[in-house]
Amino acid sequence: MSIDKFQTITSTAVPLPIENVDTDQIIPARFLKATTREGFGENLFRDWRFDKSNKTKADFVLNQDKYSGTILLAGKNFGSGSSREHAAWAIHDYGFKVVVSSFFADIFKNNALNNGLLPVQVSEAFLASLFAAIEADNTTEIIVDLESQVITLSSTGTSESFDINPYKKECLLNGYDDIDFLLNLKDEIAQFESDRA
């Protein structure tokens, strides 16, 4: 599965200041029947977005028109619980390109990176400043520069660097999945084999 090339993203953000969000809350198990990545976004945070009669809950952030954007701000320890890759599929399919938190579960972080979704881990203090800025002004934009590995709050210019596996960074920047990455190296692999022969 090829993914979109990751460009620098400048976007407003959707704030979800809830800690310990697990993968069953992100995409409930009853929606894991499909085997392709499409369509999971409609059930993202399903039990938080809808009541038992399938009516939207007005107080949930994804149902509030004032919040939009391709960046999801999340509380500490995001993506814990089961290893379901569907959680990353659902977030990406909904339209998010970046999730920002002060801590990610390792399996979720890897699943996100494998599916074109960038998990940006920042300090708790910087995350708090992002939440505060969005709460004060929902039109505030956040800039995520993957090439330089810097996230910036546009209203103040304050920024923080973030870490990413170099291999995954290259894949995101070029729109590669693991197969694409290897295919991109086929000439070098052929040359290596030729030199050995």
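Criteria and cut-off values
Residues numbered from 1 in each chain as written. Predicted model: local features only at pLDDT ≥ 70, side-chain atom pairs only at ≥ 80, totals over all residues. Heavy atoms only, no water. Core = buried A, V, L, I, M, F, W, Y, C linked by side-chain atoms within 4.5 Å. Buried < 20%, exposed > 50% of the residue type's maximum accessible area, 1.4 Å probe, protein only. Helix = DSSP H or I, 4+ residues; strand = E, 2+ residues; numbered from the N terminus. Contact = heavy atoms within 4.5 Å. Polar contact = N/O pair within 3.5 Å; in protein donor to acceptor, adjacent residues only side chain to side chain.

**Student:** Quick question: what am I supposed to make of the nonpolar core here?
**Tutor:** Generally speaking, a soluble globular protein has its nonpolar side chains buried in company with each other. Within the largest apolar cluster, 53 residues are counted, with the highest numbers of intra-cluster contacts made by Phe45, Phe78, Val100, Phe108, Leu118, Val144 and Ile151. At 6 residues, the largest contribution of residues to this core is made by helix α5 (residues 124-136). Beyond its immediate stretch of four places on either side in the chain, Val144 contacts Phe6, Gln7, Thr8, Ile9, Ile71, Val98, Leu118, Val120, Val150, Ile151 and Phe162.

**Student:** Got a minute to help me understand the side chain of Thr140 in this structure?
**Tutor:** Along the chain, Thr140 turns up in the loop between α5 and β6 (142-145). Engagement of the side chain of Thr140 in a polar contact is seen with the backbone oxygen of Asp137, the distance being 2.8 Å. The residues touching Thr140, leaving out its near neighbours within four places in the chain, are Ser11, Thr12, Ala13, Ala133, Ile134, Leu153 and Ser155.

**Student:** It is not clear to me how unusual backbone geometry should be interpreted in this structure. Could you clarify?
**Tutor:** At Asn20, a residue that is not glycine, the phi angle is positive and equals roughly 60 degrees. For Asn20, the location among the structural elements is in the loop between β2 (13-16) and α1 (23-26).

Shape is all these values report; function is a separate question.
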